[in-house]
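# Coordinates in review
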Amino acid sequence: MKLEDLRVECENINLDDYISYREDIKKNMEHPDWLGDFLKSDLEYLLNNGSKIWIFYNGDEYVSSMMMIPSDEKTISKFGLDLDYKEVVDYGPMFVNPNYRGNKLQFQMLEYLDNYVKKLGYKYVAGTIHPDNSYSITNLLKDDFELVGTKKFTRGIRNIYIKKY
């Protein structure tokens, strides 16, 4: 399955649908705390301040979703990075409907995001992943991210990865 063959929504996202899809994914996860769970009000704020969500569909069935969040000084500090926050974007929560796992969709979403943020002029991409989430870690390493640290956050311990363009 190719991401490019799916219908994508990335403007005027229905946040109630997005949250419903995310919660559906979490119900099917062994470790639901690995997936970010912004409140609707947080998502509204992020979308009004440069963030973007993409939801991919096969017909009317959701397949996957990804998010891009421009960094800020607080995030850079929290990640322990010595970078100009204006040059950094964070790849937020990514998830794939269990019916579509095994199609290399997460890696395709990473490539999609890479192309998008390069066009916007970002120099760095950050991402955080639970140290036991080997599938996501493998995809980030395959996409040329480097492990730069591990920190404990509100949601628990996370590896911090950076990719430089």
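Please refer to the structure placed before this passage.
These numbers come from a predicted model, not from an experiment.

### Examining the side chain of Gln106
Take Gln106: it is sitting in helix H4 (residues 105-120). For Gln106, a relative accessible area of 9% gives the class buried. Sequence-distant contacts of Gln106, that is, excluding residues within four places in its chain, are made with Met94, Val96, Tyr135, Ser136 and Asn139.

### Observations concerning the environment of Arg22
Looking at the element boundaries, Arg22 is found in helix H1 (residues 15-27). In this structure Arg22 comes out as buried when scored by relative accessible area, which is 5%. Through-space distance from the C-alpha of Arg22 to that of Ile162 is 25 Å; in sequence the pair is 140 residues apart. When sequence neighbours within four positions are dropped, the list of residues in contact with Arg22 reads Leu35, Gly36, Asp37, Phe38, Leu43 and Phe95.

### A few points about the pairing of strand S2 (residues 52-58)
A large share of S2 lies buried, amounting to six of its seven residues. Sheet topology note: the strand S1 (residues 7-9)/S2 ladder contains three bridges and is antiparallel. What sits directly across from Val8, in S2, is Phe56. Where S2 and strand S3 (residues 61-70) come together, seven bridges link them in antiparallel fashion. Note on S3: the bridge partner recorded for Ile53 is Met67. Where S2 hands over to S3, the hairpin turn is made up of two residues, of which Gly59 adopts a positive phi near 65 degrees.

The rules behind the values
Residues numbered from 1 in each chain as written. Predicted model: local features only at pLDDT ≥ 70, side-chain atom pairs only at ≥ 80, totals over all residues. Heavy atoms only, no water. Helix = DSSP H or I, 4+ residues; strand = E, 2+ residues; numbered from the N terminus. Buried < 20%, exposed > 50% of the residue type's maximum accessible area, 1.4 Å probe, protein only. Contact = heavy atoms within 4.5 Å. Pairing = 2+ DSSP bridges.

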